[in-house]
Amino acid sequence: MNHTIRKNTLLGATAIVTAIAFSTPALAQDASGSDDAEFLGTLTLGESKREVQADTATPVTVIDQEEIDDRQASTVAELIDSVPGVSLVNGSTPVGSGINIRGFGANGTYGTDQKVAIQIDGASVGSEELYRVGTQLFTDPYLYKSVEVIRGTVGSFEYGSGIIGGVVRLETIDASDLTGGEPGFALRQTLGGATNMDGFNSSTTLAIQPTENFEVLANYSWREQHNQEDGHDRVIENSEFELPSYLVKARYSAGDHSVTASYTNTETTERDKPYDSFGTTGGSFGNVDRDTTSETIALKYNYNPLTNDLINLDVIYSYANQEIDQTCIVGSGPFGCFATVDADHQYETSKLTVKNSAFIEAGVLTHDIRAGLEYILKERLDASSAPGGEDNRYAFFVVDNIEFGGGWSFTPALRFETSEVEGVLDDGSNASYDNDALMGGASLRYEFDNGIALFGSYAYTESLPILDDLENETYMTQPEIGETVEIGGSYDRIGVFGRDDSLSIKANFYRTDLEDNTSYSGVDSVELSGLELEGSYARRDGTYVDVNANIIDGEQTNTTGTKSDWRNLTADSMRVTLGKRFSPLADLSTEFVAAADDEINDRPGYVTVNLRATITPQEGVLEGTSFRFGIENALDMNYMPALATRTAAGRNIKFTVSKSF
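**Student:** In this structure, what is going on with the overall build of the chain? I would like to understand it.
**Tutor:** Scanning the chain from N- to C-terminus turns up 5 helices and 31 strands. Principal axes of the C-alpha set define a box for the chain whose edges measure 80 × 65 × 65 Å. Of all 661 residues assigned to the chain, the portion counted as buried reaches 54%. Of the roughly 26,700 Å² that the chain leaves accessible, carbon and sulfur atoms contribute 55%. In the chain, the 46 positive side-chain charges and the 102 negative ones have mean positions that sit 5 Å from each other.

**Student:** What's the story with the state of the cysteines in this structure? I'm lost.
**Tutor:** In protein chemistry, a disulfide is the covalent bond that joins the sulfur atoms of two cysteines. Throughout the structure, instances matching the rule amount to 1 disulfide. One disulfide bridge connects cysteine 328 with cysteine 337, the sulfur atoms lying 2.1 Å from each other. Between cysteine 328 and cysteine 337, the disulfide has an S-S torsion of -75° and is therefore left-handed. Cysteine 328 sits in the buried class, given a relative accessible area of 8%. The exposure class of cysteine 337 is partly exposed, given its relative accessible area of 37%.

**Student:** Help me understand the sheet that holds strand β4 (residues 104–105), please; the structure alone is not making it clear to me.
**Tutor:** Whenever strands of a sheet pair, they do so through backbone hydrogen bonds, lying parallel or antiparallel. Strand order in the open sheet formed by 3 strands is β2-β3-β4, with antiparallel pairing between adjacent strands. Each edge of the sheet is formed by a strand with only one pairing partner; in this case those strands are β2 (86–89) and β4. Note: β2 against strand β3 (residues 98–101), 4 bridges, orientation antiparallel. The partner of leucine 88 across the bridge, within β3, is isoleucine 99.

**Student:** I would appreciate a short explanation of the pattern of salt bridges in the present structure.
**Tutor:** Scanning the entire structure with this criterion turns up 44 salt bridges. Ionic pairing is found between glutamate 591 and arginine 71, a salt bridge with its closest N-O pair at 2.9 Å. With glutamate 591 in strand β28 (residues 586–595) and arginine 71 in helix α2 (residues 65–71), this residue pair connects regions lying 520 residues apart in the sequence. The class of glutamate 591 is buried, set by a relative accessible area of 1%. Accessibility expressed as a relative area gives 11% for arginine 71, which makes it buried. Taken together, the shared-partner salt bridges connect Lys49, Glu66, Asp69, Asp70, Arg581, Asp587 and Arg628 into one network.

**Student:** Just checking my understanding: could you explain the sheet that holds strand β7 (residues 144–151) for this structure?
**Tutor:** Taken in spatial order, the 5 strands line up as β1-β7-β8-β5-β6 in an open sheet, and their pairing is mixed. Of all the strands in the sheet, the pair left with one neighbour each is β1 (60–63) and β6 (123–124). Sheet topology note: the β7/strand β8 (residues 166–172) ladder contains 7 bridges and is antiparallel. Across the sheet, the residue bridging to valine 149 is valine 168, located in β8.

**Student:** Where do I start with the nonpolar core in this structure?
**Tutor:** For soluble globular proteins, nonpolar side chains are generally found buried alongside one another. Ile80, Val86, Ile99, Ile118, Leu137, Val147 and Leu170 are the most contacted members of the largest nonpolar core, which totals 31 residues. The leading source of residues in this core is helix α3 (residues 76–80), at 4 residues. With near-sequence residues (within four places) excluded, leucine 137 lies in contact with Val76, Pro94, Ile99, Ile118, Ile120, Val125 and Leu170. In terms of nonpolar packing, the next biggest core, distinct from the first, is built from 12 residues, Val133, Phe285, Ala383 and Ala386 among them.

**Student:** Explain the pairing of strand β21 (residues 452–463) to me, please; I cannot follow it from the model alone.
**Tutor:** Regular strands show a simple pattern: their side chains alternate between the two faces of the sheet. Inspection of the sheet shows strand β20 (residues 430–447) paired to β21 by 8 bridges, in the antiparallel sense. Bridging from a neighbouring strand, glycine 441 pairs with alanine 459 of β21. Turn length for the β20-β21 hairpin, with the two strands adjacent in sequence and antiparallel, is 4 residues, and the turn residue glycine 451 shows positive phi of about 95°. With 12 bridges joining them, β21 and strand β22 (residues 480–494) adopt antiparallel strand pairing. Paired with alanine 453 across the strands is serine 490, a residue of β22.

**Student:** Hey, could you run me through the side chain of aspartate 276 in this one?
**Tutor:** In this structure, aspartate 276 sits in the loop between β13 (257–274) and β14 (287–303). Given the relative accessible area of 11%, aspartate 276 is considered buried. Leaving out residues up to four positions away in the same chain, aspartate 276 has contacts with Arg132, Asn238 and Phe285.

**Student:** Which parts of the structure should I look at to understand a negative patch on the surface?
**Tutor:** Residues Glu51, Asp55, Asp64 and Asp492 make up a contiguous surface patch of negative charge. Structurally, glutamate 51 is set in the loop between α1 (2–23) and β1.

**Student:** Help me out: how do you make sense of the layout of surface pockets in this one?
**Tutor:** Any empty space left between atoms is shown by rolling a water-sized probe over those atoms. The space that makes up the second largest pocket amounts to roughly 1,100 Å³. Lining of the second largest pocket is provided by 44 residues; of these, Arg169, Lys300, Asp314, Ile316 and Lys355 occupy positions nearest its centre. The dominant element in the lining of the second largest pocket, judged by the number of residues it contributes, is strand β16 (residues 345–362), at 6 residues. In terms of residue class, the lining of the second largest pocket is built from 11 nonpolar, 16 polar and 17 charged.

**Student:** Mind showing me how you'd approach empty space enclosed by the protein here?
**Tutor:** Per the counting criterion, the structure on display carries 12 cavities of 30 Å³ or more. Of the voids in this model, the largest cavity is the one considered here, and its volume is about 630 Å³. If you trace the largest cavity, you find 43 residues lining it, with Gln114, Glu128, Ser161, Lys378 and Arg393 closest to the centre. Secondary structure elements with two or more residues in the lining of the largest cavity: β5 (116–120), β16, β17 (365–380) and β19 (408–424). Looking at the lining of the largest cavity element by element, the count peaks at 5 residues for β17.

**Student:** I'm lost on the confidence of the model for the chain in this one. Help?
**Tutor:** Low-confidence regions, as indicated by low pLDDT, have predicted coordinates that should not be scrutinised in detail. Taken over all residues, the pLDDT of the chain has a mean of 90, while the share at 70 or more is 93%. Residue range residues 1–44 is modelled with pLDDT below 50. Its contacts to residues more than four positions away, or to other chains, number 68 contacts.

**Student:** Got a minute to help me understand the environment of leucine 313 in this structure?
**Tutor:** The topology assignment puts leucine 313 in strand β15 (residues 313–328). The exposure class assigned to leucine 313 is partly exposed, which follows from its relative accessible area of 26%. On a C-alpha basis, the gap between leucine 313 and asparagine 392 in space is 24 Å, while along the polypeptide they are 79 residues apart. Discounting chain neighbours no more than four positions away, the residues touching leucine 313 are Tyr301, Asn302, Tyr303, Val354, Lys355 and Asn356.

**Student:** Looking at this structure, I do not really get the packing of aromatic side chains. What am I missing?
**Tutor:** The relative placement of two aromatic rings is captured by the distance of their centres and the angle of their planes. What the rule picks out here adds up to 12 aromatic pairs. Geometrically, the ring pair formed by tyrosine 246 and tyrosine 263 is tilted, given 5.9 Å between the ring centres and 45° between the ring planes. Placement of tyrosine 246 in strand β12 (residues 241–254) and of tyrosine 263 in strand β13 is noted, with a sequence separation of 17 residues between them. Tyrosine 263 gets classed as partly exposed once you look at its relative accessible area, which sits at 23%. Taken together through their ring pairs, the aromatic side chains of Phe104, Tyr520 and Trp566 make up a single cluster. Its guanidinium or amino end placed over the ring of phenylalanine 455, lysine 506 lies 5.6 Å from that ring's centre, counting from NZ or CZ.

The rules we used
Positions within a chain are numbered from 1, following the residues in the order the chain's sequence is written. Confidence filtering applies because this is a predicted model: local features only for residues at pLDDT of at least 70, side-chain atom pairs given and counted only at 80 or more, and all residues used for totals across whole chains, interfaces and linings. Hydrogens are left out, water is left out, and the side-chain values use all remaining heavy atoms of the structure. Helix and strand assignments follow DSSP, with helices taken as H or I runs no shorter than four residues and strands as E runs no shorter than two, numbered in order from the N terminus. Exposure is judged per residue with a 1.4 Å probe applied to protein chains only, and the accessible area is read against the type maximum: over 50% gives exposed, under 20% gives buried, and values in between give partly exposed. The accessible surface values rely on the Shrake-Rupley method and a 1.4 Å probe; as for residues, cover is taken only from the protein chains in view. Positive charge is attributed to Lys and Arg, negative charge to Asp and Glu, and no charge count is given to His or to the chain ends. The atoms used to mark charge sites are NZ of Lys, CZ of Arg, CG of Asp and CD of Glu. The disulfide criterion is simple: two cysteine sulfur atoms within 2.5 Å. We call two strands paired when DSSP finds no fewer than two bridges between them. What makes a salt bridge here is a side-chain nitrogen of Lys or Arg within 4 Å of a carboxyl oxygen of Asp or Glu, nothing more. Take the buried Ala, Val, Leu, Ile, Met, Phe, Trp, Tyr and Cys residues and link them wherever side-chain atoms come within 4.5 Å; each set so joined is a nonpolar core. Any two residues whose heavy atoms approach within 4.5 Å at even a single point are treated as in contact. Exposure above 30% relative accessible area and the absence of a salt bridge qualify a residue for a patch, where like charges join within 9 Å and nonpolar side chains (Val, Leu, Ile, Met, Phe, Trp, Tyr) within 5 Å. Of the grid points, spaced at 1 Å and generated over the protein atoms alone, those admitting a 1.4 Å probe that cannot get out make up cavities, while open sets with protein on both sides within 12 Å along at least five of seven lines make up pockets; any residue with an atom within 4 Å of a point is treated as lining. Grid points are joined across faces, edges and corners, and a volume is the space filled by probe spheres set on the points. Throughout this entry, Asp, Glu, Lys and Arg are counted as charged residues, while Ala, Val, Leu, Ile, Met, Phe, Trp, Tyr, Cys and Pro are counted as nonpolar. The remaining residues, Gly among them, count as polar. A score from 0 to 100, pLDDT tells how confident the predictor is in each residue. Ring pairs are drawn from Phe, Tyr and Trp, using the six-membered ring of Trp, whenever the two centres fall within 6.5 Å, and their geometry is named by plane angle: stacked under 30 degrees, edge-to-face over 60, tilted for the rest. By definition here, charges over rings are those cases where NZ of Lys or CZ of Arg is within 6 Å of the ring centre and within 35 degrees of the ring normal.

Pasting the structure below:
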């Protein structure tokens, strides 16, 4: 009963705060009551921190370069935790952390459950169910100019199978982002620091564009911090790191053709650290010396003739490699150095994708069709508790966005994928399993003339067996099945409370069922339902409000037939940002984050406050320089988020200065 009351209370509070937040700025006119405020230079009408994607039924959020810079995140995971439905496992460190979307993804035992896909420039990255030391995303935010988060299954069929939580897509920076697309040379240097504890970061980006059709970029970033302290000034063990990363990228175009190549590399060295990277002590596993390397290669060819709407062809080859070399520290654990702790790991994913986008007009119908073929090869080094072998996959996908008169749009999608998994069993014999699946879904959206839109979708996907389960014949012939139904609405309009304001709201309710589970021990099926809310309001005078909220509930049916709360259930949460842009010179904002009680782990709810300021001089000797100040957890609250295995960091003052030459 109390659980239901808290759910309803937070839902009501979300609606009230949203209404207040959206209504209050509308009253903030000048003293004369006029809407004719002074025009603030080139300020874009309706500009807030983040644009709500109100023009699509897909639950998707895009974080652009400006927000990446302003958040001063230490990890990409820390960057996207502001997206509704996204929760972190120890997100402030690159090792022993992970991303959870809608209750799926990382948890405190495995770095991933294969239900959240992550791509860098199209390369599929991350390990499989690597016990206690897995990580989904091991990289640095400085390497990227945008991050797209697709929640749920309906928008995922272009990117993989078995995706129930969602997709995280990262795009690396280009030289033309610094040169403005004009021939020349550009250099950007960023230096930053943090008070909790002695955090430091540096990023150097060199862009060279000899001609309009050729550009080259190189970036080197360094990030470090010591063990942080929580809100009670206690040391958070196993939270220190040193993280060098670099990116090399080039692009050449000739007429309708272009070729782009990128390479990213991130690595870290740990000495005498817990084998259980999610924990804070060695515990029963003891400590290890560990070197972790993550690298990606992406080579893309594009042919896009301007005179032919039927052809926009991409041929993409990508390679992702994650290596974890570790050596047990003798005497650090009560059971000695057993094989699992002393094992090295390597995951390699090679992928070739050929896809085409075509725009077709047929009477009142218009089709935006994306169709493609993929070959995916996963290779894994054999190790204790992590069977090695190969996973060969072929896939075909098609997504058709159909628009027809009267505001209707319909988007069906299909994906067919085959899998052949083979490797050597513990007894020395060979094993091979073949599986295939036809998956798909569709969304329907109707937009009224007044800016209101209603939409709904259904999606079906299958998680084909993976190398981790090679020793279990039942699991290797039993794909997991996920079904998701979503309904929602959006409102997007300019001139709501006055002629110069803009308002965007998007609400999405979903219901997800996972059956024939093989990823979670002792669980047969999972049922989840949730509500996600995104909103933004902005005025020409620079005032803006961003709101997002996530309310989720779910239960698992155990193999014994009993039911209980879903073990990876995240806490209900709401985030409100109030800000003001003072021309292009300054942007000040306050972010409030509230989370309800975590009843699964018996942790109390919390409210934290984050303060941010960006100063960008427009003339004089400081032109081209940006100063960013931030205070995270300004109230120095002591708390542990749902799914986390460590307490959160206490107050952390961050400062970054960036200069473009």
